[in-house]
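Structural overview
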Number of protein chains: 2
Amino acid sequence: MSLDVAATKPHERLAAALSDDLSAVNEMIRTRMASEHAPRIPEVTAHLVEAGGKRLRPMLTLAAARMCGYDGPYHVHLAATVEFIHTATLLHDDVVDESNQRRGRPTANLLWDNTSSVLVGDYLFARSFQLMVETGSMRVLDILANASATIAEGEVLQLTAAADLATTEDIYFKVVRGKTAALFSAAMEVGGVIADQDEATVKALFDYGDTLGIAFQIVDDLLDYGGTSAIGKNVGDDFRERKLTLPVIRAIAAADATEREFWTRTIGKGRQEDGDLEHAVALLAKHGAMDTTRQTALDYIVEAKAALAVLPDSDIREMLLDLADYVVARIT
Amino acid sequence: MSLDVAATKPHERLAAALSDDLSAVNEMIRTRMASEHAPRIPEVTAHLVEAGGKRLRPMLTLAAARMCGYDGPYHVHLAATVEFIHTATLLHDDVVDESNQRRGRPTANLLWDNTSSVLVGDYLFARSFQLMVETGSMRVLDILANASATIAEGEVLQLTAAADLATTEDIYFKVVRGKTAALFSAAMEVGGVIADQDEATVKALFDYGDTLGIAFQIVDDLLDYGGTSAIGKNVGDDFRERKLTLPVIRAIAAADATEREFWTRTIGKGRQEDGDLEHAVALLAKHGAMDTTRQTALDYIVEAKAALAVLPDSDIREMLLDLADYVVARIT
């Protein structure tokens, strides 16, 4: 893919439009990651924070603030806050998942160990907390405190829901809010709050982040059962980890007795054999679970774009609308 | 020991004097620990939060607020906050230490697993964050954000300093501030801030908590090399875990070549044999490391008590003075 084509991706256009702000965020991340007292901390975080992640979440904060005409300094603090929270969550997930790869590099717990992942994650949470306090906005703190609780609850709920065939769509959406949507929505919302917007606008920003985040996660879950371009993600991970994702929940709801036995054995009891993944994919197709799940993601994207209707027209708003389409482009 | 004698312990007199407040704190802890979305969370935390810990840290907050004449509701929020932070730290320490016992009960990671310890710890941090926000005091948030960073840095520093014979007393005190003193001092300080005290009083409260916390940890470290009443703590844990505590740092500083080889083998390289602990204890005695460390703890207690001199005389102030003496009573 040529650089010109690459430059047409909406998150890259956003990065270009926000490049000064993003540089300031990167500089703040570098500065605040450093610890005078525990100099090894940046070694643990650098490979994660500087691994060339897309900076999607901080960009949402910057975009929301700029779209609302904000010209103060604190959108940079908040964007760095959001990235620190995201990175801390990844570090703690590494312990949880015992995953071996994160963004194509060895995870912190292989480079170092579980202990470093836990403690350095805590350090980044604490740093993010200090950054928020510097904004002086109690409402921002309230939003991010609530988002933190939703994230932690979602992670615990995902853990208890794993391998549980009784998992409902309602539980799935709570897990998804915790895993993805809560930080997306908070990232957008604080951008509007710091820019002192009215309630309708703040709610619109929240709604865009919330629905975009849900769609983002649904797409991820779809790709895990055979999307066409799941770069860097192995098809079948969720099946092996016995996660009750939306297509599986829907296929189980439609299962006959034999199929139910299959799901009970593979997901419920984790006794998986060669060919099971292929059979699971076939069952998802048979009951239209892939199609209806794809449609659900598309519906959320319609909502996401509609939410931005209350914002005045601007280049950034156009890019956020394009970003919403781009999130589901992988499954359409 | 009869109940009457037990009731003369200063922390029990404090608990009696603050019993209404403590009941409110316990009720708030129960309520806020609950998660509608992830109902298993209280199962994980209950055995820690309700294991009959002394509630020392929340009592410091309540005592500071009451000593300053506070009559609003938020000292309860802050006391619960401080206990949640403490409990979250314990949960994350469980992952780190792979310890099997905590307050005499199985640790959360044996009852459940490392994953639950990490995620439920995160949940308690998030809950504590929500509680602080409810106080509406930005200064309180600033204090607790900074304390959180000090705690996390101290934990990482402890990890990197373990088994490192080059660890200085300066590093030791940074570790101790992170492990213990930062939360003690923050617990006292927020009690004064919420009661709207002048700077001199707030600083005095901070200083009391800081010096009490340092002395508390030094005593703990001394007992690990053979204090007389180390109930529930196994003598020699720190030696086996190759921790550079104050008596060891001082004995190493005074070591001759042969002794240095001993420390290098046992602490530096972790090659420990039968009789090594006894030899270590003998070396600590030989160089007076136990005595000078004991004196250091006593000096901090003198400072702690002096700090409270600016506070008006009151029953609670007397109990805090007694509590300071009680902390070092185990080593005198």
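In the nomenclature of an unreviewed UniProt entry, chain A is known as Octaprenyl diphosphate synthase of Yoonia ponticola. Quoted verbatim from the Sequence similarities (unreviewed entry) heading of the UniProt record, the comment on chain A is "Belongs to the FPP/GGPP synthase family." UniProt's Catalytic activity (unreviewed entry) comment on chain A is quoted here verbatim: "5 isopentenyl diphosphate + (2E,6E)-farnesyl diphosphate = all-trans-octaprenyl diphosphate + 5 diphosphate".

Let us look at the overall build of chain A. When helices and strands are tallied, chain A shows 17 helices and two strands. Buried residues in chain A amount to 57% of all 332 residues. The contacts in chain A between residues at least 6 apart in sequence include a share of 74% that link residues at least 24 apart. If you sum the accessible surface of chain A, you get close to 13,100 Å²; carbon and sulfur atoms cover 51% of it.

Least-squares fitting of chain A to chain B yields an RMSD of 0.0 Å, with the transformation described by 0.0 Å of translation along the axis and a rotation of 180°. Seen this way, the second copy is the image of the first under a two-fold rotation axis. A share of 100% of the interface residues of chain A reappears at the interface of chain B, consistent with the copies meeting face to face through the same patch.

All names here are of chain A. In this structure, T61 sits in helix α5 (residues 56-67). Note on T61: relative accessible area 0%, which makes it buried. For T61, the side chain forms a polar contact with the main-chain oxygen of A187, separated by 2.9 Å. Every residue in contact with T61, bar those within four places of it in the chain, is listed here: H75, L78, A79, V82, A187, V190 and G191.

In this section: the interface of chain A and chain B. Contacts between chain A and chain B engage 42 residues on the former and 42 residues on the latter. Summed over both sides, the interface of chain A with chain B buries roughly 3,600 Å², with 77% coming from carbon and sulfur. Here chain A is connected to chain B by zero salt bridges. Along the contact surface separating chain A from chain B lie four residue pairs in polar contact (both at pLDDT 80 or more). Broken down by secondary-structure element, the contributors of at least two residues to the side of chain A that touches chain B are α6 (74-97), α8 (114-135) and α9 (138-161) of chain A. Among the residues making up the side of chain A that touches chain B, the classes are represented as 22 nonpolar, twelve polar and eight charged.

Let's shift gears to the packing of α5(A) against helix α11 (residues 199-223) of chain A. All names here are of chain A. It is the contact of α5 with α11, at a shortest axis distance of 12 Å, that shows an interaxial angle of 155°. When the axis of α5 is compared with that of α11, the two are roughly antiparallel. Crossing of α5 against α11: the hand is right-handed. Note on element contacts: α11 touches α5 through L205, Y208, L212 and F216, opposite L56, L60, A64 and M67.

In the structure shown here, the tally under the stated rule is eleven aromatic pairs over all chains. Three or more aromatic residues link up through ring pairs in this structure, and these residues are Y172(A), F173(A) and Y300(A).

Between side chains of opposite charge, pairing is possible as soon as their charged atoms come close. All names here are of chain B. Tallied over the entire structure, the rule returns 40 salt bridges over all chains. A salt bridge links R55 to E83, with the shortest nitrogen-to-oxygen separation between them at 3.1 Å. Within this pair, whereas R55 is found in the loop between α4 (41-49) and α5 (56-67), its partner E83 is found in helix α6 (residues 74-97), the two being separated by 28 residues in sequence. Owing to a relative accessible area of 12%, R55 belongs among the buried residues under this scheme. On the accessibility criterion, E83 (1% relative accessible area) is buried.

So, on to helix α17 (residues 315-329) of chain A. A rise of 1.5 Å per residue sets the reference length of α17(A), with its 15 residues, at 21 Å; its end C-alpha atoms lie 21 Å apart and thus fit the reference within 8%. For α17(A), the elements touching its buried residues are α2 (10-17), α5, α10 (169-194), α11 and α16 (289-307) of chain A.

Taken as a whole, this structure holds four cavities of 30 Å³ or more when the rule is applied. Considering only enclosed or pocket space, the largest cavity measures out at about 440 Å³ in volume. F125(A), A126(A), D122(B), F125(B) and A126(B) are, among the 29 residues lining the largest cavity, the residues nearest its centre. For the lining of the largest cavity, the secondary-structure elements that each account for two or more residues are α6, α8 and α9 of chain A together with α6, α8 (114-134) and α9 (138-161) of chain B. For the lining of the largest cavity, the residue count by class is 16 nonpolar, eight polar and five charged.

Time to look at the environment of F216(B). As for its placement among the helices and strands, F216(B) is situated in helix α11 (residues 199-223). Apart from residues no more than four positions distant in its own chain, F216(B) is found in contact with L56(B), T180(B), F184(B), V327(B) and R330(B).

A pair of packed helices is characterised by two quantities: the angle between their axes and the separation of those axes. It is the contact of α8(A) with α9(B), at a shortest axis distance of 8 Å, that shows an interaxial angle of 155°. One way to sum up the angle between α8(A) and α9(B) is to call them roughly antiparallel. Considering only the axes of α8(A) and α9(B), their crossing is left-handed. Taken together, the residues of the contact of α8(A) with α9(B) break down into 14 nonpolar, five polar and five charged.

If you check the backbone angles, D196(A) has positive phi at about 60° while not being a glycine. Its place among the elements puts D196(A) in the loop between α10 and α11. The backbone of A163(B) sits at a positive phi, close to 70°, despite the residue not being glycine. With respect to the helices and strands, the residue A163(B) is situated in the loop between α9 and α10 (169-194). You can call A163(B) partly exposed: its relative accessible area is 22%.

Right, let's talk about the environment of F84(A) for a bit. Residues and elements named next belong to chain A. Relative to the elements of secondary structure, F84 occurs in helix α6. Spatially, the C-alpha atom of F84 lies 7.6 Å from that of R127, the residues being 43 residues apart in sequence. Setting aside residues no more than four positions away along its own chain, F84 makes contact with I29, R32, M33, L124, R127, S128 and L131.

Calculation criteria
Throughout, residues of each chain are indexed from 1 in the direction in which the sequence is written. Chains and ligands are labelled by the order in which they are written, letters from A for the one and numbers from 1 for the other. Local features in this predicted model are restricted to residues whose pLDDT is 70 or higher, and side-chain atom pairs enter the listing and the counts only when it is 80 or higher, whereas totals over whole chains, interfaces and linings include all residues. Side-chain measures were taken over the full set of non-hydrogen atoms in the model, leaving aside hydrogen atoms and water. UniProt positions are given in the numbering used here, feature names are shortened, and annotations may be inferred rather than shown by experiment. Only DSSP runs of H or I with at least four residues qualify as helices, and only runs of E with at least two residues qualify as strands; both kinds are numbered from the N terminus onward. Using a 1.4 Å probe on the protein chains alone, a residue whose accessible area is under 20% of its type maximum counts as buried, one over 50% counts as exposed, and one in between counts as partly exposed. For this analysis, residues touch if any pair of their heavy atoms sits within 4.5 Å. Areas reported here follow the Shrake-Rupley algorithm with a probe of radius 1.4 Å; residue values treat only the protein chains shown as occluding. Copies overlap after least-squares fitting; the atoms used are the C-alpha atoms of residues with pLDDT of at least 70 in both. For this analysis, a polar contact is any N or O atom pair within 3.5 Å, provided that within protein one partner can donate a hydrogen and the other can accept it, and provided that sequence-adjacent residues contribute only side-chain to side-chain pairs. Buried area is calculated as the accessible area (1.4 Å probe) missing from two parts once they are joined, with the contributions of both summed. We define a salt bridge as a contact between a side-chain nitrogen of Lys or Arg and a carboxyl oxygen of Asp or Glu at a distance within 4 Å. Any residue that is not Ala, Val, Leu, Ile, Met, Phe, Trp, Tyr, Cys, Pro, Asp, Glu, Lys or Arg is counted as polar, Gly included; the first ten are nonpolar and the last four charged. Here the axes come from fitting lines to C-alpha atoms, over the contacting stretch only for helices, and the angles between their N-to-C directions go from 0 to 180 degrees. Any angle between 65 and 115 degrees counts as roughly perpendicular, while under 35 counts as roughly parallel, over 145 as roughly antiparallel, and the rest as oblique. What makes a crossing left-handed is the near helix being turned counterclockwise from the far one by less than a right angle; a clockwise turn instead makes it right-handed. We call Phe, Tyr and Trp rings a pair once their centres come within 6.5 Å, taking the six-membered ring for Trp, and we label the pair stacked below 30 degrees between planes, edge-to-face above 60, and tilted otherwise. Multiplying 1.5 Å by the helix residue count minus one yields the expected span of that helix. For cavity detection a 1 Å grid was placed over the protein atoms alone, and a set of points counts as a cavity when a 1.4 Å probe fits there but cannot get out; an open set counts as a pocket when protein lies on both sides within 12 Å along at least five of seven lines, with lining residues being those that have an atom within 4 Å of a point. Grid points are joined across faces, edges and corners, and a volume is the space filled by probe spheres set on the points.

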